[in-house]
Amino acid sequence: MGNTTVIRVHETGGPEVLRVEQAELAAPGHGEVLVRHESIGVNFIDTYHRSGLYPLPGLPSPIGQEAAGVVEAVGEGVTEFGVGEAVAYATAGLGAYADARVVPAARLVPVPAAVGCRRASAVLLKGMTVEYLVRRTFRVEPGMTVLWHAAAGGVGLIACRWLAELGVAVIGTVSSDAKAELARQHGCSHTIVYAREKFVERVRELTDGRGVDVVYDSVGRDTFVRGLDCLRPRGLLVGFGNASGKPEPFDPMLLAQKGSLYVTRPTLFHYVAERAELLASAREVFDRVARGVIDAEPRHEWPLQEVIDCHRALEARQTSGSAVLSPRAEVG
Ligand code: NDP
């Protein structure tokens, strides 16, 4: 089926371990589809795979979890998708950093024309994450208040929009005034620049001493335990990422002392493992994009070959909102 450009790591480490290589494309087997990527989603989890924070199944390993593109060939037994259709995926194992890829049909979702591949690749994984976090890990109700760390990030901006539409007040932490402004433009009610403000005290002030109903924490080590002090009695802390490193272990007695609190550590795959759940979650995301609730336009784009620069910017906190990689070399 020809060759593809693929990004692989031969050893884990910093952005420089990402190698641009050529590989032969296999024909799609039973139940599989060959997708020609139009746009590739970049997610912070990709840096965990690259650095070794999340173990890879073996080395060398391809990398990347999310892309959207056009069906180029289908294997035996595939009836749901046909050649020429626009599709996207976000939970099909590693290998999305490539210009084409064979993917199990069961992990694909159709991309509505009103959304398009570029925007789909910018929001599918991040949007489904917000969907399960605010509707299924905990059902956030109108009138509630949540604390969302890294509110101007890819997942963060989608969450601000989604929760604002639900009538939920969002207190968002960010590292700069520019990111604070951006989060507010996306519906965040209050922002805290955690580099210079003490977020626990500010959350207490903003909630008249009560605390928030839920803390959504993807920053990890720098914020996790202090998040417990931001909650109302019987509130929930949802840890879902490690942008600053893995949180330190903590004594469960703290949960009793601080108000009979709950803590959970979910991951997207367990919420979209069933095909019906995957399709429903993607529909919720794409519906909000089509209605203009979520701004799906990627805020950063690099050519696939410049993936090292992309990872450097992501880890240096220079990005906000979503970033994508383009398999077409001419993107600047
Ligand atoms: P983001 O665009 O949010 O980028 C990460 C952000 O984290 C940065 O922009 C930065 O925002 C903040 N941050 C805080 N401390 C650090 C640090 N030490 N180094 C770098 N960044 C830091 O990424 P994504 O939208 O792709 O993902 C957001 C988080 O959600 C990630 O932690 C990711 O792993 C997690 N995630 C979890 C999923 C799950 O199911 N469990 C699924 C999808 C994502 P600022 O500059 O404002 O501090």
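Rules used throughout
Residues numbered from 1 in each chain as written. Predicted model: local features only at pLDDT ≥ 70, side-chain atom pairs only at ≥ 80, totals over all residues. Heavy atoms only, no water. Axes fitted to C-alpha atoms, helices over the stretch in contact; angles between N-to-C directions. Helix = DSSP H or I, 4+ residues; strand = E, 2+ residues; numbered from the N terminus. Parallel < 35°, antiparallel > 145°, perpendicular 65-115°, else oblique. Left-handed = near helix turned anticlockwise from the far one by under 90°. Contact = heavy atoms within 4.5 Å. Nonpolar A, V, L, I, M, F, W, Y, C, P; charged D, E, K, R; others polar. Buried < 20%, exposed > 50% of the residue type's maximum accessible area, 1.4 Å probe, protein only. Pairing = 2+ DSSP bridges. Phe/Tyr/Trp six-rings, centres within 6.5 Å; stacked < 30°, edge-to-face > 60°. Lys NZ or Arg CZ within 6 Å of the ring centre and 35° of its normal. Salt bridge = Lys/Arg side-chain N within 4 Å of Asp/Glu carboxyl O. Expected span 1.5 Å × (residues − 1). Bend = angle between axes of the 7 residues up to and from the residue.

Novice: Even after reading the chapter, I still don't get the packing of helix H2 (residues 117-137) against helix H3 (residues 154-166), so can you show me in this structure?
Specialist: If you want to describe how two helices pack, look at the angle between their axes and the distance between the axes. Two elements in contact, H2 and H3, have axes whose closest approach is 9 Å; the angle formed by their N-to-C orientations is 45°. By the angle between their directions, the pair H2 and H3 is classed as oblique. Where H2 crosses over H3, the handedness of that crossing is right-handed. The segment H2 lies against H3, with Val123, Lys126, Gly127, Thr129, Val130, Glu131, Val134 and Arg135 engaging Gly154, Val155, Ile158, Ala159, Trp162, Leu163 and Leu166. Classifying every residue of the contact of H2 with H3 by side-chain character gives nine nonpolar, three polar and three charged.

Novice: How should unusual backbone geometry be read in this particular structure?
Specialist: Trans peptide bonds make up the majority, and among non-glycine residues the majority have a negative phi. Here the residue pair leucine 59 and proline 60 is connected by a cis peptide bond, since its omega of -5° sits within 30 degrees of zero. For proline 60, the position within the fold is in the loop between helix H1 (44-51) and strand S4 (61-62). At aspartate 208, a position not held by glycine, the phi torsion is positive, near 55°. Residue placement: aspartate 208 occurs in the loop between helix H5 (199-206) and strand S12 (212-217). Overall, aspartate 208 belongs to the exposed group, its relative accessible area being 74%. For arginine 234, which is not a glycine, the phi torsion comes out positive at approximately 65°. By the secondary structure assignment, arginine 234 is in strand S13 (residues 231-239).

Novice: What exactly am I supposed to notice about the sheet that holds strand S2 (residues 18-24) here?
Specialist: The pairing of strands in a sheet happens through backbone hydrogen bonds and is either parallel or antiparallel. Taking strand neighbours across the sheet as the criterion, the three strands line up as S2-S1-S4 in an open arrangement whose pairing is antiparallel. Unpaired on one side and paired on the other, S2 and S4 mark the two borders of the sheet. Note that strand S1 (residues 3-9) and S4 share two bridges and pair antiparallel. Considered in S4, the bridge of valine 9 is made with serine 61.

Novice: Explain the packing of aromatic side chains to me, please; I cannot follow it from the model alone.
Specialist: For any pair of aromatic rings, the description rests on two quantities: the centre-to-centre distance and the angle between the ring planes. Counted under the stated rule, the structure contains six aromatic pairs. Ring centres of tyrosine 132 and tyrosine 271 lie 4.2 Å apart, and the angle between their planes is 20°; this geometry places the pair in the stacked category. Here tyrosine 132, found in helix H2, pairs with tyrosine 271, found in the loop between strand S14 (262-264) and helix H8 (275-290); they are 139 residues apart in sequence, far enough to count as distant. Judged by centre distance (5.8 Å) and plane angle (65°), the ring pair of tryptophan 148 and phenylalanine 240 falls under edge-to-face. Separated by 92 residues along the polypeptide, tryptophan 148 in strand S9 (residues 145-148) and phenylalanine 240 in the loop between S13 and helix H7 (253-257) bring together distant segments of the chain. Here phenylalanine 240 falls in the buried class, since its relative accessible area comes to 13%. Taken together, the ring pairs in this structure connect Phe44, Tyr48 and Tyr54 into an aromatic cluster. The ring of tryptophan 162 has arginine 288 lying over it, and the distance from NZ or CZ to the ring centre is 4.0 Å.

Novice: Looking at this model, I keep getting lost on the sheet that holds S12. Mind explaining?
Specialist: Read across the open sheet, the six strands follow the order S11-S10-S9-S12-S13-S14; overall the sheet is parallel. One side of each edge strand has no neighbouring strand; the edge strands of this open sheet are strand S11 (190-193) and S14. This sheet shows a mean twist of 15° between the axes of neighbouring strands, independent of strand direction. Alignment of S9 against S12, held across three bridges, turns out to be parallel. Pairing of leucine 147 across the sheet is with valine 215, part of S12. Strand contacts of helix H4 (residues 177-185): strand S10 (169-174) and S11, with the helix running at about 165° to S11, the strand carrying the most contacts. Strand contacts of H5: S9, S10, S11, S12 and S13, with the helix running at about 160° to S11, the strand carrying the most contacts.

Novice: Help me out: how do you make sense of the pattern of salt bridges in this one?
Specialist: Oppositely charged side chains can form a pair if their charged atoms are brought close together. On inspection of all chains with the given rule, the structure shows 21 salt bridges. In this structure, arginine 202 engages glutamate 205 in a salt bridge whose closest nitrogen and oxygen atoms are separated by 2.7 Å. In this pair, arginine 202 and glutamate 205 both sit in helix H5, three residues apart, roughly one turn of the helix. Arginine 202 sits in the partly exposed class, given a relative accessible area of 24%.

Novice: I would appreciate a short explanation of H2 in the present structure.
Specialist: Note on helix geometry: an α-helix contains 3.6 residues per turn, so any two residues three or four positions apart are oriented the same way. For H2, which comprises 21 residues, the first-to-last C-alpha distance of 28 Å matches the rise-based estimate of 30 Å (1.5 Å per residue) to within 8%. The sharpest bend along H2 comes to roughly 45°, located at valine 123. Of all 21 residues in H2, 18 are buried; the element is thus mostly enclosed.

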